[in-house]
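Take a look at the letters that make up each chain.
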Amino acid sequence: MARKAAGKPPEEILLDWKREQASLKARVVDRDTEAWQRDPAFSGLQRVGGVDVSFVKDDSGSACASLVVLSYPELEVLYEDCRMVTLTAPYVSGFLAFRELPFLVDAVQQLRQREPRLMPQVLFVDGNGVLHHRGFGVACHLGVLTDLPCIGVAKKLLQVDGLENNALHKEKIQLLKAGGDSFPLMGGSGTVLGRALRSHDHSTKPLYVSVGHKISLEAAVRLTHSCCKFRIPEPVRQEQGGTKAKGVPPRSLRRACR
DNA sequence: GCGACAG
DNA sequence: ATCTTGTCGC
């Protein structure tokens with residue numbers, strides 16, 4: 001019972017979603033807009049954020065939407081918000097935003113109202129930016145709706161526009177020797193959609209970094225590497241510790257989940 | 001039937 | 001969004 005009838009939504013809903021993606025895509029800015037993004041040491045960058053929706057159990061409707069803000073370059077927690085939510089839209093590859101985004105936008109708006117001084121200068125998003133079926137992944141979507149610089153960080157390759165996790169791709173991964181090494185992900189259309197990044201020396205499985213909004217791919221990759229103590233960038237990893245306790249030490253000052 | 005499948 | 005299973009497109 002409680003059998004989840006979450007198949008794919010009807011075609012007309014998907015068409016609506018595609019229309020919305022196409023319309024908002026025009027507002028994406030895929031270059032550096034802030035002075036710190038061009039600085040070799042990111043001087044001027046003081047706060048980096050991360051957002052994610054993580055699941056409590058296998059109950060696919062009940063989840064925790066969280067927003068974490070860390071100091072830069074220390075990567076210490078300045079703010080954490082974690083809210084239990086009930087997801088309604090099903091997960092459909094290419095439409096992740098329609099499942100998770102409303103809660104992430106809410107979290108940013110809450111922060112804007114309560115602690116505007118703690119607003120992050122860039123957000124890491126668990127998922128893709130322009131590396132997407134229609135060039136408008138969840139990181140672009142969140143960036144456009146909040147007007148914040150956003151970086152898409154995916155843990156596996158979204159095989160789109162001719163990109164394949166094939167033998168050649170795996171060979172290229174083998175050539176990434178040190179943390180910070182990366183190679184471009186060139187789509188069939190001839191444009192670079194993102195970069196595969198070895199996020200630190202002891203991680204063999206790369207991250208897939210793409211532009212979300214208001215940052216160049218080069219700055220996005222460099223900043224992602226600079227925020228990785230482990231494979232997953234600290235802003236995203238910290239908040240996943242809120243629900244999963246995977247090696248994130250418990251902090252005394254943690255906001256209660258609402 | 002077989003492989004792909006961001007989270 | 002995983003160690004899984006189901007669904008869809010080919």
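The structure this text deals with has already been given above.
Throughout this description, residue numbers start from 1 for each chain and increase along the sequence as written. The lettering of chains begins at A and the numbering of ligands begins at 1, in the order of writing. Local features in this predicted model are restricted to residues whose pLDDT is 70 or higher, and side-chain atom pairs enter the listing and the counts only when it is 80 or higher, whereas totals over whole chains, interfaces and linings include all residues. The basis for every side-chain value is the complete set of heavy atoms in the structure, and neither hydrogens nor water enter the calculation.

K.L.:
Help me out: how do you make sense of the protein's contact with DNA strand B in this one?
P.N.:
Neighbouring DNA strand B are 19 residues, the closest being Tyr91, Gly94, Asn128, Lys155 and Gln159. Near residues are defined by distance, with any heavy atom within 4 Å of the molecule or strand qualifying the residue. Within 4 Å of the protein, the contacting atoms of DNA strand B are drawn from sugar and phosphate to the extent of 61%. At 3.3 Å from a base nitrogen of DNA strand B is found a main-chain nitrogen or oxygen belonging to Leu96. Under the rule applied, a polar contact is a pair of N or O atoms within 3.5 Å (in protein, one hydrogen donor and one hydrogen acceptor; residues adjacent in sequence only if both atoms are side-chain atoms). Between DNA strand B and His132 there is a distance of 3.1 Å, counted from a base nitrogen to a side-chain nitrogen or oxygen. Where helices and strands are cited, they refer to DSSP runs of H or I of at least four residues and of E of at least two residues respectively, numbered from the N terminus. Of all the elements, helix H3 (residues 96-114) adds the most residues to the surface near DNA strand B, at three residues. Here the surface near DNA strand B is composed, by residue class, of six nonpolar, seven polar and six charged. Any residue that is not Ala, Val, Leu, Ile, Met, Phe, Trp, Tyr, Cys, Pro, Asp, Glu, Lys or Arg is counted as polar, Gly included; the first ten are nonpolar and the last four charged.

K.L.:
I would appreciate a short explanation of the sheet that holds strand S4 (residues 122-126) in the present structure.
P.N.:
Sheet strands associate in pairs through backbone hydrogen bonding, adopting either a parallel or an antiparallel arrangement. The eight strands lie next to each other as S3-S2-S1-S4-S5-S8-S7-S6, forming an open sheet whose pairing is mixed. Among the strands making up the open sheet, the edge pair consists of strand S3 (77-86) and strand S6 (182-186). Adjacent strand axes in the sheet meet at a mean angle of 25°, parallel and antiparallel pairs treated alike. Across four bridges, the pairing between strand S1 (residues 47-55) and S4 is parallel. Note on S4: the bridge partner recorded for Val48 is Val122. Should any heavy atoms of two residues lie within 4.5 Å, those residues are considered in contact. Note on definitions: angles span 0 to 180 degrees between N-to-C directions of axes, and those axes are lines fitted to C-alpha atoms, for helices only across the stretch in contact. Running at roughly 155° to S6, helix H5 (residues 167-174) makes contact with S6 and strand S8 (207-213) of the sheet. Two strands pair under a simple rule: DSSP has to find at least two bridges between them.

K.L.:
Mind showing me how you'd approach the nonpolar core here?
P.N.:
For soluble globular proteins, the rule of thumb is that nonpolar side chains tend to be buried together. Ranked by internal contacts, the top residues of the largest apolar core, which has 32 residues, are Leu45, Val48, Tyr72, Phe124, Ile151 and Leu223. Counting only elements with at least two residues in this core, the list comes to strand S2 (62-71), S4, helix H4 (138-146), strand S5 (150-154), S8 and helix H6 (217-226). By residue number, the principal contributor to this core is H6, which donates five residues. Discounting residues that sit within four places of it in the chain, Tyr72 has contacts with Ala41, Phe42, Leu45, Gln46, Arg47, Val48, Leu223, Ser226 and Cys227. Within the second largest apolar cluster, 25 residues are counted, among which are Ala63, Val85, Ala107 and Leu142. As used in this record, nonpolar core signifies buried Ala, Val, Leu, Ile, Met, Phe, Trp, Tyr and Cys residues forming a set joined through side-chain atoms within 4.5 Å. Relative accessibility decides the category of a residue: with a 1.4 Å probe and only protein chains considered, values under 20% of the type maximum give buried, values over 50% give exposed, and everything between is partly exposed.

K.L.:
What am I meant to see in the side chain of Arg237 here?
P.N.:
Its location among the elements puts Arg237 in helix H7 (residues 234-244). Of note is the side chain of Arg237, whose polar atom sits 2.7 Å from the side chain of Glu234.

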